[in-house]
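An overview of the molecular structure
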Amino acid sequence: MTFLRVFNLVKRFDSLAAVDGISFEAEKGEFLTLLGPSGCGKSTTLRCIAGLETPDEGEIYIGDKLVVSRSQNVFWAPDKRDLGMVFQSYAIWPHLTVFENIAYPLKEKKLEKESIREKVKQVLEMVKLSDFADRSATKLSGGQQQRVALARALVYNPQVLLFDEPLSNLDAKLRVEMRNEIRNLQKKLGITSLYVTHDQEEAFALSDRIIVMNEGKIEQIGNPFSLYFKPRTRFVAQFIGQTNFIAGIVQTSDPRGTQVIALGTSIHFDQKTEMKEGEQVFISIRPEYVRLNPQGKMPYQFQGRIQHAQYLGSSGLFYTSVQDVPLFVEIHDITERDLLFLPKEGDWVTLGFKPQDCILIR
Amino acid sequence: MPKRSWNLPIVVMLAAAAVASFLVLYPLGYLVYGSLRTSLPGDPGALTLNNFIEAFTSHKILPSILNTFIIMLGTTLISCPVGLFLAWVTTRTDTPFRRLLEVLNLVPFLLCPYVASVAWGLLLSPQIGLLNRFLMELFHLSEAPFDIFSIPGVIWVLFLYYTPYMYLFILGSFKAMDPSMEEAAQICGSSVGKTTLKITIPLATPAILSGCIIVFVHCAGIFGVPAHLIMPKGEYVLTTTIMRFTQVYPQQYSAAAAVSMFLLAISALGIFFQRRCIQGKEYITVTGKAYRPRLIRLGKWRYLTLAINILYLLLSILLPYGILLLVSFLNFWSGDISAELLTLNNYHQVLLEDEAIIRAIRNSLFVSIAGGFLCLLMTMLVSYLIIRTRIKGRGFFDYLTMLPVGIPGMVIAVGLLWAWIRAPMPVYGTIWIIMIAYITRYLPYGMRAFSNSLLQLGPELEESARICGSSWFATFRKILIPLLKPGFMAGWILLFILFMRELSTAIVLWYSGNEVISVQLFQLVRDGNFPSVAALSIVQALIIMGGILFFRWIVKEEFSEKIR
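Keep in mind the model is a prediction, meaning the values are calculated, not measured.

**Quick notes on the packing of helix H5 (residues 113-124) of chain B against helix H14 (residues 301-328) of chain B**
All names here are of chain B. The N-to-C vectors of H5 and H14 enclose an angle of 75 degrees; their axes lie 9 Å apart at closest approach. Overall, the two elements H5 and H14 adopt an arrangement that is roughly perpendicular. Each of Ala116, Ala119, Trp120, Leu122 and Leu123 in H5 lies in contact with H14, whose residues at this interface are Leu319, Pro320, Tyr321, Ile323, Leu324 and Val327. When its residues are assigned to classes, the contact of H5 with H14 shows eleven nonpolar, no polar and no charged.

Given below as structure tokens:
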């Protein structure tokens, strides 16, 4: 059952379209992430859903309710949308205690004192801050403030939970800890959640599905697996993990696959594309799938020269050039014996790959 | 289904902005109008430049322009190096007690310069000045060495009073300077003294220049000091000339308007240059972090720097208020002090008997407390409109409310005089017109106080409250107001002090019954009643001190940080 629906959302600032016509849906209980670089429109989208920005075009439904539509002249104020939100800067009120911060939304709903105390206690336990109820909000560390913010967003059981890059201000270790807690809590409570981040790893760890955005538009929607192994655009291939792009020209394209001329040969891919002969296409291959001096014979092999080599412990990075095309190779699980055979800068090496490890992208 | 519509908060804010704009534009408009027309508003007349011609060919106008410029230049040239020196001493050297000195150097801000000029008159009048007589005896002189009733005298008093302005500007710059700039110079081989001269001071140049222009411009608009020290001798400056035009019979309001326009032009030009000067050269020394700069060890010399700072404080605070305190306990002032003349009668008069004075004290308190509050209320709403909303055209309100920075108080008052003289509302002649003039004059101060606070708070604190279910008004009440309270109180203290001290604005709008303390002092000086003057000055100073202590007790914030 879809629970959150966004149709054709457009939001402009002066003449620039920060959000340029996007649509997506979230299922009930789903953890959906908006992922993209700075300025891609993900925060603006979130804020439109929250009611902190007013879209110029488009509709947003939360549950069955139409909460905003310019064309139909509908706008529900943020305090009437039954949402919870966790901000990047935590937004904990310094003049209130931890208890008062969390109890605030319940007070606005005019609940009974006893009921408020019960709920706050429950939620403090959930975020592991039971002993902090009476502490002044200013005397908390970053991580603790973030938990209070989370508790405050959860205490009144909103329909949808919004997260605006909540972990960016925490240090690396705390970030990992907090994201696990967020994920566990969300799963336990089953609240539909929309999360915004620019950190690909974070998005992968938390989400059921990810919406990759760039320059106000959606590039691709999918689960982490499909985004990593089947990127559909160059942007997604580059933004998610790392990849090499080899430019080529389509020779033929039919139900048996696609034939591409690249690196001086004709390569067959099983992937079916709707491209025409003569069109330019990019072969995207992740660095861990390019083999360096392979033992057996690979379907396609090329000679190249090492430009730059970095040995990093159990892995190594090799920047090579094959017919002036840069190819970047990553080797994992290097053992002591391998060290003797690792190529150095200036060496000529053989590089190979299998077509099934590649993705053809327009 | 709830629809989008004009919401009440926006309407309230726009109303406040409209009122603020009206306050600024109305007197200005009338001033321009009055200076260019042949008759008073409401009477038939024509456009003319005659007023300007008459005003600027009138008797004594050219000397008054010259005097004004001499005073502006002289004061700026002296207060600049002294302010720089004091700032350097308190932030960059190991002078003892420098933390205390840092705060004390700001005390002259609280004092009314007019009162200071009266006090220095008591000290350095050529015949009976106490300090003169003391020096004459000490050095066996036949004539008094100093005559304060002269243009150099005016420069002296103004320098003592305006040095804290320079000091504050440069202090801010020094404190925010990244010490690694100086450290880099020292590693390159530059001695401490050379580093100060070649790195530290040049980096503070925007602040120094800025401070100089502000002092320069303010001197043009000062009334009390030249009125007391050189007007009795027949020497005028622009402000006293304007006053004269409004006080003679028949009143020459048009000439007053013309000269006011000239004064306005000088101020506006100065502020324009000050803005340009800051924009171009904002060296990236101010990063927002507070640094601990390296201190220069002065060795024995640090006692000298301490002595110089103490001397400054002596001359600007202790001597003038000392003599006032003394004279306030005397029966009459003739230059002699003897035990038989001691009395509490003056205080009795000032606080309990003289109705006019008591009324003046009441008026001052009313205007300063209520006027300060209203000004802040208005600027709070306008600041919120400018900073937190995206209403088109809000930049216009920002510009307009900061405009009074470049308008001397007397100019506003003359404009108001014109505006209200034929106005349907009977505001002219009441205490309300004084309050309106003060609020208009000090709008920029209120705006500064709130913009800083609001910018620091960040919008998320309110946004999260909205998401949690608070309406706009509930958020304003429960989240914003408690967080803005320290800024509000600090702004209120500042306005309280500024309103209590103000003279040049009130003197033009003075009418029997709406005197404030500063105007009452002016009248008492005219009557030659110095003991009462002294007593009332002390009372004024005590009220200001009391106000500060009261507000500090409520807020417990660092005073010197807020004054900026």
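**Points about the pairing of strand S2 (residues 16-27) of chain A**
All names here are of chain A. Judged from the nine bridges that link them, strand S1 (residues 2-13) and S2 form a sheet pairing that is antiparallel. Looking across to S2, one finds that phenylalanine 13 is bridged to leucine 16. The loop that links S1 with its antiparallel partner S2 comprises two residues; one of these, aspartate 14, has a positive phi angle of about 55 degrees.

**Remarks on the interface of chain A and chain B**
Chain A puts 20 residues into the contact, and the matching count from chain B is 19 residues. For the side of chain A that touches chain B, the element with the highest residue contribution is helix H2 (residues 98-108) of chain A, accounting for three residues.

**Quick notes on the domain arrangement of chain A**
Residues and elements named next belong to chain A. Taken domain by domain, chain A comprises domain 1 (2-236) and domain 2 (242-361). Relative placement of domain 1 and domain 2: their C-alpha centres are 40 Å apart. Each partner contributes to the interface: domain 1 provides five residues, whereas domain 2 provides five residues. Taken together, the residues of the side of domain 1 that touches domain 2 break down into one nonpolar, one polar and three charged.

**A look at the sheet that holds strand S4 (residues 57-62) of chain A**
Taken in spatial order, the five strands of this open sheet run S2-S1-S4-S5-S6 (chain A), and their pairing is antiparallel. In the strand order of this sheet, the two ends are held by S2 and strand S6 (74-75) of chain A, each with one partner.

**Looking at the sheet that holds strand S3 (residues 31-35) of chain A**
All names here are of chain A. One open sheet holds the six strands; their spatial order is S7-S8-S9-S3-S10-S11, and the pairing between them is mixed. Lying at the two open borders of the sheet, with one neighbouring strand each, are strand S7 (83-86) and strand S11 (217-222). Recorded for the sheet is a direction-independent mean angle of 20 degrees between the axes of neighbouring strands. Pairing geometry for S7 and strand S8 (residues 160-164), over four bridges, is parallel. Directly across from glycine 84, in S8, lies its bridge partner leucine 161.

**Overview of helix H4 (residues 142-154) of chain A**
Residues and elements named next belong to chain A. The terminal C-alpha atoms of H4, which comprises 13 residues, lie 19 Å apart, in line with the 18 Å expected from a rise of 1.5 Å per residue. Where burial is concerned, most of H4 is hidden: ten out of the 13 residues are buried. Taken as a whole, H4 has its buried residues at Gln145, Gln146, Arg147, Val148, Ala149, Leu150, Ala151, Arg152, Ala153 and Leu154. Next to the buried residues of H4 lie S7, H2, helix H3 (113-126), S8 and helix H5 (172-189).

Reading the values: the criteria
- Residues numbered from 1 in each chain as written.
- Chains lettered and ligands numbered in written order.
- Predicted model: local features only at pLDDT ≥ 70, side-chain atom pairs only at ≥ 80, totals over all residues.
- Axes fitted to C-alpha atoms, helices over the stretch in contact; angles between N-to-C directions.
- Helix = DSSP H or I, 4+ residues; strand = E, 2+ residues; numbered from the N terminus.
- Parallel < 35°, antiparallel > 145°, perpendicular 65-115°, else oblique.
- Contact = placed C-beta atoms within 7 Å.
- Nonpolar A, V, L, I, M, F, W, Y, C, P; charged D, E, K, R; others polar.
- Pairing = 2+ DSSP bridges.
- Domains from an automatic or database assignment.
- Expected span 1.5 Å × (residues − 1).
- Buried ≥ 20, exposed ≤ 12 C-beta atoms within 10 Å, placed from the backbone.

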